[in-house]
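# Results of the structural survey
Letter by letter, the chains look like this.
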2 protein chains.
Amino acid sequence: MPSHSPLDVDDVRARVQKSIDAFLSHQEPVLGTVSPDLAPIIDALADMLTGGKRLRPAFAYWGWRAAGGVDNDAIIDAAASLELLQACALIHDDVMDGSDTRRGRPSVHRRFAALHREAQWLGSPETFGMGAAILLGDLCLSWADEMLYRSGLDPASLLRAKPVLDDMRTELMAGQYLDLLEQARGGGSVERALRVARFKAAKYTIERPLHLGGALAGADPSLLQTYSAYGLPLGEAFQLRDDVLGVFGDPAETGKPAGDDLREGKRTVLIAITLQAATPAQEVVVHRHLGDPSLDVDGVADLRTVIVETGALAEVESLIDRLTAEALTAVGAIDQPAQGVLRDLAVAATARRT
Amino acid sequence: MPSHSPLDVDDVRARVQKSIDAFLSHQEPVLGTVSPDLAPIIDALADMLTGGKRLRPAFAYWGWRAAGGVDNDAIIDAAASLELLQACALIHDDVMDGSDTRRGRPSVHRRFAALHREAQWLGSPETFGMGAAILLGDLCLSWADEMLYRSGLDPASLLRAKPVLDDMRTELMAGQYLDLLEQARGGGSVERALRVARFKAAKYTIERPLHLGGALAGADPSLLQTYSAYGLPLGEAFQLRDDVLGVFGDPAETGKPAGDDLREGKRTVLIAITLQAATPAQEVVVHRHLGDPSLDVDGVADLRTVIVETGALAEVESLIDRLTAEALTAVGAIDQPAQGVLRDLAVAATARRT
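Keep in mind that what you see is a predicted model, and the values were worked out from it rather than measured.

Quick notes on the rules
Residues numbered from 1 in each chain as written. Chains lettered and ligands numbered in written order. Predicted model: local features only at pLDDT ≥ 70, side-chain atom pairs only at ≥ 80, totals over all residues. Helix = DSSP H or I, 4+ residues; strand = E, 2+ residues; numbered from the N terminus. Rg over C-alpha atoms; globule rule 2.2 N^0.38 Å. Buried ≥ 20, exposed ≤ 12 C-beta atoms within 10 Å, placed from the backbone. Contact = placed C-beta atoms within 7 Å. Least-squares fit on C-alpha atoms with pLDDT ≥ 70 in both. Axes fitted to C-alpha atoms, helices over the stretch in contact; angles between N-to-C directions. Parallel < 35°, antiparallel > 145°, perpendicular 65-115°, else oblique. Left-handed = near helix turned anticlockwise from the far one by under 90°. Nonpolar A, V, L, I, M, F, W, Y, C, P; charged D, E, K, R; others polar. Domains from an automatic or database assignment. Core = buried A, V, L, I, M, F, W, Y, C linked by C-beta atoms within 7 Å. Expected span 1.5 Å × (residues − 1). Bend = angle between axes of the 7 residues up to and from the residue. pLDDT = per-residue confidence, 0-100.

Let's shift gears to the overall build of chain A. Each helix and strand in chain A was counted, giving 16 helices and two strands. Taken over C-alpha atoms, the radius of gyration comes to 21 Å for chain A, in line with the 20 Å a tight globule of 354 residues would show. Counting only C-alpha atoms and orienting by the principal axes, one finds that chain A spans roughly 60 × 60 × 35 Å. Looking at the 354 residues of chain A, the share that counts as buried comes to 53%. Of all intrachain contacts in chain A linking residues separated by at least 6 positions in sequence, the fraction that spans at least 24 positions is 72%.

Many authors give the size of an interface as the accessible area that is lost as the parts come together. Chain B puts 48 residues into the contact, and the matching count from chain A is 48 residues. Secondary structure elements with two or more residues in the side of chain B that touches chain A: α1 (7-34), α4 (73-97), α6 (125-149), α7 (155-185) and α8 (190-217) of chain B. No other element matches α7 of chain B, which puts 17 residues into the side of chain B that touches chain A.

Bringing unusual backbone geometry into the picture now. Residue and element names in this part refer to chain A. Residue glutamine 336 is joined to proline 337 through a cis peptide bond whose omega torsion reads 0 degrees. In this structure, proline 337 sits in the loop between α15 (312-330) and α16 (338-350). You will see that glutamine 120, though not glycine, has its phi angle at about 50 degrees, which is positive. Its location among the elements puts glutamine 120 in the loop between α5 (108-119) and α6 (125-149).

Once that is clear, we can look at the relation of the copies chain B and chain A. The transform that puts chain B on chain A rotates by 180 degrees and translates by 0.0 Å along the axis, for an RMSD of 0.0 Å. Accordingly, the operation relating the two chain copies is best matched by a two-fold axis.

Moving on, we get to the packing of helix α12 (residues 269-277) of chain B against helix α15 (residues 312-330) of chain B. Relative placement of two packed helices is described by the angle separating their axes and the distance separating the axes. Residue and element names in this part refer to chain B. Direction vectors running N to C along α12 and α15 enclose 130 degrees, while the axes themselves pass 9 Å from each other. As far as their axial angle goes, α15 and α12 are oblique. At the point where α12 passes α15, the crossing takes the right-handed sense. Contact residues: α12 offers Val269, Leu270, Ile273, Thr274 and Ala277, while α15 offers Ala312, Glu315 and Val316. Along the lines of polarity and charge, the residues of the contact of α12 with α15 split into six nonpolar, one polar and one charged.

All names here are of chain A. You can read the domains of chain A as domain 1 (1-153) and domain 2 (155-354). Its C-alpha centre places domain 1 at a distance of 22 Å from the equivalent point of domain 2. Contacts between the two partners involve 33 residues from domain 1, matched on the other side by 32 residues from domain 2. Secondary structure elements with two or more residues in the side of domain 1 that touches domain 2: α1 (7-34), α3 (55-66), α4 (73-97) and α6. For the side of domain 1 that touches domain 2, the residue count by class is 21 nonpolar, six polar and six charged.

Right, let's get into the nonpolar core. By size, the foremost hydrophobic cluster in this structure holds 237 residues, and its most contacted members are Cys140 of chain A together with Cys140 of chain B. Shared between two domains, this core takes at least three residues from each, and those domains are domain 1 (1-153) and domain 2 (155-354) of chain A. Excluding its chain neighbours within four sequence positions, the residues that come into contact with cysteine 140 of chain A are Leu45, Leu84, Ala87, Cys88 and Ile91 of chain A.

Right, let's talk about the environment of serine 157 of chain A for a bit. All names here are of chain A. In this structure, serine 157 sits in helix α7 (residues 155-185). The exposure class assigned to serine 157 is partly exposed, which follows from the 19 C-beta atoms found within 10 Å. In this structure the C-alpha to C-alpha distance between serine 157 and glycine 213, which are 56 residues apart in sequence, comes to 9.8 Å.

Looking now at the environment of alanine 184 of chain A. Here alanine 184 of chain A is to be found in helix α7. Setting aside residues no more than four positions away along its own chain, alanine 184 of chain A makes contact with His116, Trp121, Leu122, Gly123 and Phe128 of chain B.

Residues and elements named next belong to chain B. One way to put it is that α4 packs onto α6 with a least axis distance of 8 Å and a crossing angle of 165 degrees. The orientation of α4 relative to α6 falls into the category roughly antiparallel. The handedness of the crossing between α4 and α6 is left-handed. Along its contact with α4, which presents Asp77, Ala78, Ala80, Ser81, Leu84, Leu85, Ala87, Cys88, Ile91, His92 and Val95, the element α6 presents Met130, Ala133, Ile134, Leu136, Gly137, Cys140, Leu141, Trp143, Ala144, Met147 and Leu148. Its residues assigned to classes, the contact of α4 with α6 shows 18 nonpolar, three polar and one charged.

Moving on, we get to α7 of chain B. All names here are of chain B. For α7, which comprises 31 residues, the first-to-last C-alpha distance of 45 Å matches the rise-based estimate of 45 Å (1.5 Å per residue) to within 8%. At alanine 161, α7 shows its largest bend, some 30 degrees, and a proline, proline 163, comes one to four positions later. Within α7, 22 of the 31 residues are buried, which leaves it mostly tucked inside the rest of the structure. Where α7 ends, the next residue or the one after it, glycine 186, has phi of about 75 degrees, a positive value.

Take helix α12 (residues 269-277) of chain A next. Residues and elements named next belong to chain A. The buried fraction of α12 is high, at seven of nine residues. Residues of α12 that are buried include every one of Val269, Leu270, Ile271, Ala272, Ile273, Thr274 and Leu275, and no others. Taken together, the buried residues of α12 touch α8 (190-217), α9 (221-248), α13 (280-289), α14 (297-309) and α15.

Our next topic: the confidence of the model for chain A. When pLDDT is averaged along chain A, the result is 92; 97% of the residues meet or exceed 70. On the interface metric, ipTM, the complex scores 0.93, and its pTM is 0.93.

Moving on to the environment of alanine 44 of chain B. Residues and elements named next belong to chain B. Relative to the helices and strands, alanine 44 is located in helix α2 (residues 39-48). Accessibility expressed as a C-beta count within 10 Å gives 19 for alanine 44, which makes it partly exposed. With 89 residues separating them along the chain, alanine 44 and alanine 133 place their C-alpha atoms 9.8 Å apart. Residue contacts for alanine 44: discarding those within four places in its chain leaves Val108, Arg111 and Leu136.

Rendered as structure tokens:
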């Protein structure tokens, strides 16, 4: 008999959406009082904050529940605030990468560039779009902790959670900078690529959201350690799965053209392992194609062949299996029903889809 | 007999610097634990956070004192946190404007572009510099409320102050967006230009810092109203003084080349009033020169002549006088020694320097 309903995860996701909608409805008149010209900001953020897997709120919610917190709307609001932090990261990331789309829709900077173009305003639409996107990201970053504090959780809980949020934000920005640096350096070190995965994904997406929920509920230190023992390997596995999908994934699922990570030249753990194992001839293929914006289907196929033939894909798959198993062992120490949901989330986040 | 020592303002400024230095010394090992590659971040922020007028911390500190708060190091830390918020605004502003310098030093994005160039990394130094600057601004925005919460002020005070900080950040981002929009639309409305001045400068630089200090000290609503009655007109006068200095100021004082705001094409209240009063011939001069990046000394002189001959300069000067007088009347309701310091700050921030 399953220890939890399969609807639990979907249910939290739907409530997170309602909570975000309510927060934006609160902010709309706040901006409206400043000027009606600010309406496009709310529209853009409402679109940006629709859909998505809501992984971070899910982990925060179950971090609360596993620590004995009772289900209520306040913890959903608190957990949902992580989506605003994530929106900041995505909006700014798209500016930094010059990405045109996000989940199949125009990225925020493109959206505001289009607004500028349609209105035939002065100056460069791209510069306006970039400026607007930087400011919208800043607004999301500010609103993330505003939403957490407006959740209605008691002050003692909020003060316990604050240092977790602080660490989480610092680690996110640090991880993003290291990622930027890794791309600039042309990668090459498996260890450095793993460190980026650890800070950008493992801590930020899984461990810290669990800690945040736990801290809000007053979890004891040993439970927080269990969250780390589950969250860190799982987060690395999740990032590795994302690396594999970026190269071999189905565009219908990833929402990005096939081989897009190769075209962008992303220096992932998968690529670092490939280069470590490559023969001189294979290395030539990687250096010729990786990061070529006009890379075609044949080029993508050539790179995929090298990644398979060096054994890098098999090594990453076995690493994913090992890390996921480690996470599943650690989760055994957590009470039901949280344990069951965390098991499901672990499997869903890392399962093979190619 | 002066009601306060002339050293009060300098004294607060020196203590704010010490407080920022201590906060960065705390964060340095936090980043160091993530990776030694993060060292350039602390170096850049330490430079960025050295010097400056520290206006926002000064107003926050005196907002606390005027509400009966006693002098201590915790309030200095809390007040100093506003410099981190301001650092975010400046770093991101420089990216949006493509500014090369800040207070005579390379702007953060230029600094990281130079780091990239020296290291001969892959890709565009400009793109790397922009990405790093976006992330450093995000870090400053996160660290601003981290520093406020680490100040050691009691939780009840911090929770009272939180909504003020929330409003302040939203107003800052909203004001910046309206400014961007105003430049794109080519200005033209005195009312819209004044609204940008109100949100970007008056509320953000003076009213909200006073409110923050007041809220931390538990000020009653009537005192907060007095802060608004002083802060809003003073803040607008301060922004108008800045507009005038941007056109007529001494480069030695402003740290920017003469007429730099004209070259950038800034749509200030001064320019809006000029265009409102201009003859068709004068309008032609403004449209020919304003926003011309290669504007030379003669062009600057032509524009200055139009600004003077339309009566716009005189009108702005009289507006500054009127607004400053209004602020000085309101400040009469505040106890000494805060009243004396706030009077001095008002005069210093708005005095003619041309």
